[in-house]
Amino acid sequence: GVAGVIGQIGNNGIGFAGVNWRVKILPIKMFTCDNSGETVGRPDVADFAYAVHYVYERGARIINMSYSSNWVGNYSEAKYQIIDAFKDVLFVTSAGNGDTNIAGTATSAVNIDAYARFPASYSHDHIFSVTASDAHDNKPVFANIGAMNVDVAAPGVNILVPGSNGGHLSQDGTSFSAPLVAGLAALMRSYDPEISVAEIKEAIMETAEDPFNNFVG
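Residues numbered from 1 in each chain as written. Predicted model: local features only at pLDDT ≥ 70, side-chain atom pairs only at ≥ 80, totals over all residues. Heavy atoms only, no water.

Notes on the side chain of N149
For clarity, the threshold we go by: Strands are runs of DSSP state E lasting at least 2 residues, helices are runs of H or I lasting at least 4, and numbering of each runs from the N terminus. Throughout this description, buried means an accessible area under 20% of the type-specific maximum (1.4 Å probe, protein chains only), exposed means over 50%, and partly exposed covers the range between. Should any heavy atoms of two residues lie within 4.5 Å, those residues are considered in contact.
Assignment of secondary structure puts N149 in the loop between β5 (127–133) and β6 (152–155). Judged by relative accessible area, N149 falls into the buried class, the value being 14%. Dropping the residues within four chain positions of it, N149 is found in contact with I112, D113, A120, S121 and S129.

If you want it as structure tokens, here you go:
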């Protein structure tokens, strides 16, 4: 689903269009799944390191990470150092969808400056943390905030994504906001291959709008 948000081909009368129709996407698995295919936990350090090295060696300089820890004690110094070693990569991360209740449903948002969510709350300048907005530029109830650790908002409500068995699904969450920004970053780099990570991030943040001040703090 995330890959479709980034690069599904448009202007063909099928489903929806991604942000960057001619993008090259290198999918990589770094999660453990149970027998039903559901994700279990978060990537361990070895899998995280392998995934970043693997895509970097094959030319990727924009990495979308549509996941977020749902607990505070998930800081990893090893993962911090891995990200730190790749300063010429833009790591686009989802800011997370609030707390998660026992049923696994996202509840009200949290401020990730105070209640960290990783990787979004790592302090690197080349992390681009994305929360969600709705079709009216409002902040959805689940969308995490943070003046220091959230950089920008992108649509994350009723986002059409390809279904696993064909067709399309409507999804909510910051996991679908992040690939919109990653796709835009890739589009900018396709126009100017020499543009730096800092320049991409600065251009997007400076041209973003918050007409109703819904994302202050």
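That was the structure; now back to the text.
Considerations on the pairing of strand β3 (residues 62–65)
Rule in force here: By the convention used here, strands pair only if DSSP detects at least 2 bridges between them.
Alternating positions in β3 separate cleanly, I63 and M65 being buried on one face and I62 and N64 remaining unburied on the opposite face. Pairing between β3 and strand β4 (residues 90–94): four bridges, direction parallel. Its bridge partner being in β4, N64 is matched across the sheet by V92.

Some details on the packing of aromatic side chains
Applicable threshold: For this analysis, a ring pair means two rings from Phe, Tyr or Trp (six-membered ring only for Trp) whose centres lie within 6.5 Å, classed as stacked if their planes differ by under 30 degrees, edge-to-face if by over 60, and tilted for the remaining angles. Two limits define a charge over a ring: the Lys NZ or Arg CZ must be within 6 Å of the ring centre, and within 35 degrees of the ring normal.
Overall, the coordinates contain seven aromatic pairs when judged by the stated rule. An angle of 65° between the planes, with centres 4.8 Å apart, marks the rings of Y56 and F86 as edge-to-face. Of the two residues, Y56 sits in helix α2 (residues 45–57) while F86 sits in the loop between α3 (77–84) and β4, which places them 30 residues apart along the sequence. Under the relative-accessibility criterion, Y56 is labelled partly exposed at 23%. Residues Y75 and Y80 carry aromatic rings whose centres are separated by 6.4 Å and whose planes lie at 45° to one another, so their mutual orientation is tilted. Members of the aromatic cluster, connected to one another through ring pairs, are Y75, Y80, F118 and Y122. Above the face of the Y54 ring, R58 is positioned so that its terminal group lies 3.6 Å from the ring centre. We note R61 situated over the ring of Y56; from NZ or CZ to the ring centre the distance is 3.6 Å.

Digging into the pattern of salt bridges
Put simply, the rule reads: Any carboxyl oxygen of Asp or Glu within 4 Å of a side-chain nitrogen of Lys or Arg constitutes a salt bridge here.
Applying the stated rule across the entire model yields four salt bridges. Among the ionic pairs, D88 bridges to R61, the shortest N-O distance being 3.6 Å. Separated by 27 residues along the polypeptide, D88 in the loop between α3 and β4 and R61 in the loop between α2 and β3 bring together distant segments of the chain. Looking at D88, the relative accessible area reads 36%, which means it is partly exposed.

Quick word on the environment of L26
Looking at where L26 falls in the secondary structure, it is placed in the loop between α1 (2–7) and β1 (32–33). Counting along the chain gives 34 residues from L26 to A60, while the straight-line C-alpha distance between them is 7.8 Å. Beyond its immediate chain neighbours, meaning those up to four positions away, L26 contacts Y54, V55 and R58.

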